Amino acid sequence: MRVIKWEPFRDVDDIFDRFFSEAMRGLPRQYAGARQSAYDWAPLADVTETEGEYLIKAELPEVRKEDLSITVQDGVLMLSGERKQEKREDSEKSHRVERFYGTFARRFSLPENADEQAIRAESKDGVLLIHIPKQKVVQPQPRQIAVQ
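Residues numbered from 1 in each chain as written. Predicted model: local features only at pLDDT ≥ 70, side-chain atom pairs only at ≥ 80, totals over all residues. Heavy atoms only, no water.

Engineer: Tell me about unusual backbone geometry, and name the residues and values.
Structural biologist: Backbone geometry places Glu-62, a non-glycine residue, at a positive phi of 65°. Mapped onto the elements of the fold, Glu-62 is located in the loop between β2 (53–59) and β3 (68–73). Located in the positive-phi region is Asp-74, a residue other than glycine, with phi close to 50°. Looking at where Asp-74 falls in the secondary structure, it is placed in the loop between β3 and β4 (76–83). Classification of Asp-74 as exposed rests on a relative accessible area of 72%. (Helix = DSSP H or I, 4+ residues; strand = E, 2+ residues; numbered from the N terminus. Buried < 20%, exposed > 50% of the residue type's maximum accessible area, 1.4 Å probe, protein only.)

What follows is the structure, encoded as structure tokens:
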């Protein structure tokens, strides 16, 4: 008779992996029709605001700047690119792969006071920082109209 060590959470992990892994990936490509997206994943991002600018911090470890694209059009900032999966040797066996690979995209609606022409981006320690300066919005002053 063989004694097997009972691990109560192993079964929970198996159930989680089987049923919820697709949900955690943001729906795989076979469900892309329901989501209307051709992207494999979307990076996590924080958006903060100071007195002088808005700041988007997107987690993009192992994404080279050559594989990134940032565009602004009609008040929408689009961040897109690709994280390429590293080559593995034939002798190397993966037990679990939880990181996301493939193409990604995120869209951010910009507020009216965002200066689209002065947006700049930098990458530091796997985090992409997108600085969006604010510009003064001039409120039109009411003017009196004389009746003729």
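Further notes follow.
Engineer: If you had to explain the sheet that holds strand β6 (residues 120–124) to someone new, which residues and values would you point to?
Structural biologist: Picture the strands of a sheet paired through backbone hydrogen bonds; they go either parallel or antiparallel. In space, the four strands of this open sheet follow the order β1-β2-β7-β6, with antiparallel pairing throughout. Here the strands that pair on one side only, and so sit at the sheet edges, are β1 (45–49) and β6. Recorded for the sheet is a direction-independent mean angle of 20° between the axes of neighbouring strands. Strand direction decides the pairing type here: β1 and β2, joined by five bridges, are antiparallel. From the neighbouring strand, Glu-49 faces β2, where its bridge partner is Tyr-54. (Pairing = 2+ DSSP bridges. Axes fitted to C-alpha atoms, helices over the stretch in contact; angles between N-to-C directions.)

Remember that the coordinates give geometry; whether it matters functionally is a separate question.
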